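Spelled out, the chains give:
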Amino acid sequence: MLRKVGFLAVCLLFASQAFGAPLSKQKETLENFSAKAEEFKTNPAINELLADLTKLTDCLAESRVHIKNEDEKPLERNLKKAQVQIRFIDARLNEIAAREEALAAEDIANKSENAAKKLDQEARTLENKVGN
Amino acid sequence: MSLLKFTPALIASALMIACGSNPKPAELQDFEAKRVGEYAPKIAENYPALQKEFDGYYKEALKAHDDDNKNMTLYFTDLADTTFRTAVSLLNQKDFQARKASAEERTNQAGVVLEKAGQRKEFASLKGQVAEVKVKDAELAILKAKSINAAEYAPEQLAQAEATFEKAKAAFAAGDTAEAQKIAETAIAQADVALKTAQPAYDKQAKINAVDAQYKKIMADAARIPSVTSRIEQRGLFISMRDLFQGQKTTVRGDKMVAIMEMAKIINNYPDFKILIEGHTDNKGKAAKLMEISENRAQTVASTLGKEGVAVARISTAGKGGTEPIDDNSKKAGREKNQRVEIIFLRPAD
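Residues numbered from 1 in each chain as written. Chains lettered and ligands numbered in written order. Predicted model: local features only at pLDDT ≥ 70, side-chain atom pairs only at ≥ 80, totals over all residues. Heavy atoms only, no water.

**Digging into the pattern of salt bridges**
Where charged atoms from two side chains of opposite charge approach closely, those side chains can pair. Residue and element names in this part refer to chain A. For the structure on display, the rule yields 35 salt bridges over all chains. Residue D120 is joined to R124 by a salt bridge in which the shortest nitrogen-to-oxygen separation is 3.0 Å. Here D120 pairs with R124, and both are found in helix α4 (residues 72-130), just four residues apart, close to one helical turn. The exposure class of D120 is buried, given its relative accessible area of 14%. Its relative accessible area of 42% is what places R124 among the partly exposed residues. (Salt bridge = Lys/Arg side-chain N within 4 Å of Asp/Glu carboxyl O. Helix = DSSP H or I, 4+ residues; strand = E, 2+ residues; numbered from the N terminus. Buried < 20%, exposed > 50% of the residue type's maximum accessible area, 1.4 Å probe, protein only.)

Put into structure tokens, the structure is as follows:
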């Protein structure tokens, strides 16, 4: 559920950025995206997505150059690219978290089933000894 | 397989080259393969908005390619590909969530099995304890039979119970508790048979022992009276009093009254016994006369005891004359011994 809310937040972020907006607005968007990139770095699972993160940070770096040069059109394209990349990384991080949870749950299930089998066998052995 | 998948793209590229048109970049060709690949139907079903979005980028990429704008072609291809991969990632998330839910369900089911198996194990363990208790009960039943001397009064039955008990113990030690319980129950029944077989003989002997114990106390009390001897026979306790009468007289010598009074006290202390008083003489004289004398002497003693508080109903008398000597009548000392009154504490009937 939290993951869905997170993904929706990214979508809203996506929707709220005004492309083709004035330079100041694009600068603000860039700062938001940079903050998001920093947030990604704190996630332990980001190690699996280093190439994607590099692509994002390169894109943000290029955007800063465009802001400096006041190249609005390339800036807009770069921000769009960054935004799509952010949404992708976010989805991938959620996927990794879901994978870890599924694996942990499957591990617990396997252990529980093994314990159940073992206890069932113990009960059977004891029942055979004492008779039914 | 992959060669077959890319064959149309390769043919298209070859045709375009042959026709002199600009070939699509590899990135765009890769994406085109993906967007009609295995994920396409699932994305269309689950994420139509994302599908619409990457299709829009794809169209822009084609348009840029048609315009021979390589940078914009790659730009839109990248957007399309990243959006496509986002959709794939969301599909994977769903799969993982389903796997998690399935695993949690398996855990729940295993929990139910665990709980039931735990209960079954506990119940079986209790049944095992019941078997242990049965084996101990068998041991107790055997001890109970032994306590009434079944080894003497019911040796065969006791031996059978003990042998069965040993088998029950062995089965329990081997972990076969069901068999142990069954055998132990047989041992209990056999020990019970031994007990019931031994009980009457034991009770009889116990009664005899109790009477003998009282006889010993009476003997100790009587030993304090002069000229009195005592012995235990099958009929009962015999207390023999001598020198009560002078010559062939039937009245008690004055100095011997005290002895009879002492005897009366002892008899009164043991009110459960019937008392038989027998008079005896030596063999000097006619048998009929001796019989009469002995009868009179017994009655005299009985009468004196009655006066000393002994219940008349307890007392019976008999004269034996000289028919039951206890010593040699040819000698004076023997004849003196044979002149006697015997007070018999009769053994109670069964």
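After presenting the structure, the write-up continues.
**Quick look at the interface of chain A and chain B**
Many authors give the size of an interface as the accessible area that is lost as the parts come together. Of the residues lining the interface, 41 residues belong to chain A; the matching set on chain B comes to 38 residues. Summed over both sides, the interface between chain A and chain B buries roughly 3,500 Å², with carbon and sulfur atoms accounting for 60% of that surface. Looking at the side of chain A facing chain B, the largest losses of area belong to A:F88, A:E95 and A:V130, adding up to 15% of the total buried there. Two residues, A:E127 and B:R120, come together in a salt bridge whose shortest N-O distance is 2.9 Å. On inspection of chain A and its partner chain B, the count reaches 18 residue pairs in polar contact (both at pLDDT 80 or more). Elements with a minimum of two residues in the side of chain A that touches chain B: α1 (2-16), α3 (50-69) and α4 of chain A. Of the residues forming the side of chain A that touches chain B, the biggest block, 34 residues, is contributed by α4(A). Counted by class, the side of chain A that touches chain B contains 17 nonpolar, six polar and 18 charged residues. (Contact = heavy atoms within 4.5 Å. Buried area = accessible area lost by both parts, 1.4 Å probe. Polar contact = N/O pair within 3.5 Å; in protein donor to acceptor, adjacent residues only side chain to side chain. Nonpolar A, V, L, I, M, F, W, Y, C, P; charged D, E, K, R; others polar.)

**Let's talk about the side chain of B:Q190**
Position of B:Q190 relative to the elements: it lies in helix α8 (residues 177-222). Excluding residues within four positions of it along the chain, B:Q190 makes contact with B:Q157, B:Q160, B:A161 and B:T164.

**Topic: the packing of aromatic side chains**
By convention here, two paired aromatic rings are described through the distance between centres and the angle between planes. Residues and elements named next belong to chain B. Within this structure, the stated rule accounts for seven aromatic pairs over all chains. When the ring of F54 is compared with that of F84, the centres are 5.3 Å apart and the planes differ by 70°; the resulting orientation is edge-to-face. Of this pair, F54 sits in helix α4 (residues 48-66) while F84 sits in helix α5 (residues 70-147), and the two are 30 residues apart along the sequence. F84 carries the same exposure label as F54, and that label is buried. (Phe/Tyr/Trp six-rings, centres within 6.5 Å; stacked < 30°, edge-to-face > 60°.)

Function cannot be inferred from these measures alone, as they are strictly geometric.
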